[in-house]
Amino acid sequence: MTTGKPRVLATRHFPPDVEARLAGSFDAILNPEDRLYDGASLAKATIDCAGIMCAAGDPLGADTIASLPQSVRMIATFSVGYEHVDVAAAAKRGIVVSNTPDVLTDATADIAMLCLLGAARRTHEGAQMLRTHHWVGWTPTQLMGVHVTGKRLGILGMGRIGQALADRARAFRMQIHYSNRSRLPAELEKGAVFHADPDAMLPYCDFLSINAPMTPSTHKWVNAERIGKLPKGAIVVNTARGGVVDDEALIAALKSGRLAAAGLDVFDGEPKIHPGYYDLANTFLLPHMGSATIETRNAMGFKALDNLEAFLLRNQTPPDLVKAS
Ligand code: DGY
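Please read all numbers here as calculations on a predicted model, not as lab measurements. (Residues numbered from 1 in each chain as written. Predicted model: local features only at pLDDT ≥ 70, side-chain atom pairs only at ≥ 80, totals over all residues. Heavy atoms only, no water.)

**What to know about the sheet that holds strand 2 (residues 27-29)**
Then comes step 1: Reading across the sheet, the 5 strands line up as 2-1-3-4-5 and stay open at both edges, with parallel pairing between neighbours. Edge positions in the sheet fall to strand 2 and strand 5 (96-98), since each of these pairs with one other strand and no more. Direction aside, the axes of adjacent strands within the sheet are offset by 20° on average.
Then comes step 2: Sheet strands in contact with helix 12 (residues 294-313) are strand 1 (7-10), strand 3 (51-55), strand 4 (74-78) and strand 5, and its direction is about 170° off that of strand 4. (Pairing = 2+ DSSP bridges. Helix = DSSP H or I, 4+ residues; strand = E, 2+ residues; numbered from the N terminus. Axes fitted to C-alpha atoms, helices over the stretch in contact; angles between N-to-C directions. Contact = heavy atoms within 4.5 Å.)

**Quick word on the domain arrangement of the protein**
Then comes step 1: As assigned here, the protein comprises domain 1 (7-102 + 294-322) and domain 2 (105-285).
Then comes step 2: Computed from C-alpha atoms alone, the centre-to-centre distance between domain 1 and domain 2 is 31 Å.
Then comes step 3: Each partner contributes residues to the interface: domain 1 has 7 residues there, and domain 2 has 5 residues.
Then comes step 4: A combined buried area of about 510 Å² lies between domain 1 and domain 2, and 45% of that area is made up of carbon and sulfur atoms.
Then comes step 5: Ranking the residues of domain 1 by area buried against domain 2 places Glu83, Asp102 and Thr296 at the top, with a combined share of 71%. (Domains from an automatic or database assignment. Buried area = accessible area lost by both parts, 1.4 Å probe.)

**Brief notes about the site of the ligand**
Then comes step 1: Every residue lining the ligand is accounted for by Ser79, Val80, Gly81, Leu104, Arg241, His288, Ser291 and Met300.
Then comes step 2: Contacts to the ligand include arginine 241, whose side-chain N or O atom sits 2.6 Å from an oxygen atom.
Then comes step 3: Contact between the ligand and histidine 288: an oxygen atom at 2.7 Å from a side-chain N or O atom of the residue.
Then comes step 4: Taking 230 Å² as the accessible area of the ligand by itself, protein coverage stands at 88%.
Then comes step 5: When grouped by side-chain class, the residues that make up the shell around the ligand number 3 nonpolar, 4 polar and 1 charged. (Near = heavy atom within 4 Å. Polar contact = N/O pair within 3.5 Å; in protein donor to acceptor, adjacent residues only side chain to side chain. Areas by Shrake-Rupley, 256 points an atom, 1.4 Å probe, with all protein chains shown as cover. Nonpolar A, V, L, I, M, F, W, Y, C, P; charged D, E, K, R; others polar.)

Listed below in structure tokens is the structure:
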């Protein structure tokens, strides 16, 4: 039965309030079982669809986009990152793409701070000791981590999330260094030290936090050579994209003690993460949950819908249009 509304396919099971609005505004094809689409099944499932509401990790590379039905005019991703969508291939097909910036800044910066603290304070080892009944009681030398207060934090990528992390770290009296495509104005920099060359920042990083998007130039940016430029015993935090880190190099440095610890919320090839991470006690690992609060996930969904409704219902430019670079 046709409703007269544009048809939109949801590639994932989204929060209930988001799906309710999607179903109210559009002829929605929902995915209550949250089954994963591959390129071929996505092309089949989007027959007669005008829009696709997708999420991080969905396979929207050039081949899938080329195989989508002609009816598809828009892809709205429920994420700020959009490396899973080939925006240039979409533009070639006349498909517009939108994302969900801003609304996940605080939640993701909270998780970055959690990863930083979790790695510094040996949280994984402590929690595991307790839950496996191996805690023998308090001892003066038990699980000594490293202090965060007063240490230097280098942030690669000082966009919204990097700045929000810096604000949190300032409350811990950390000294902020950052590297970014362009220097921030003084009111946003707030005394942080700018390094035009990201490699030149590395010797100043007791902690290094990755907050840069995944692009060809950041792919495996944290490699053996750059780890070698960090102070011995530094801690690496990644809440951006796993592909920015060369896993083999990071794991080797964590094993050798070159790095003290790592706090990671994202992984190359997730959910099939590098097996070397599982046995490393000096890692604080989370399953990509930077934006996982109900408030944030609703806000992401509503933002994706604002974009879909603007373009497909009102013929307006989506407010969060992603342009091919
Ligand atoms: C994003 O929005 O890019 C996140 O990684 C998903 O939470």
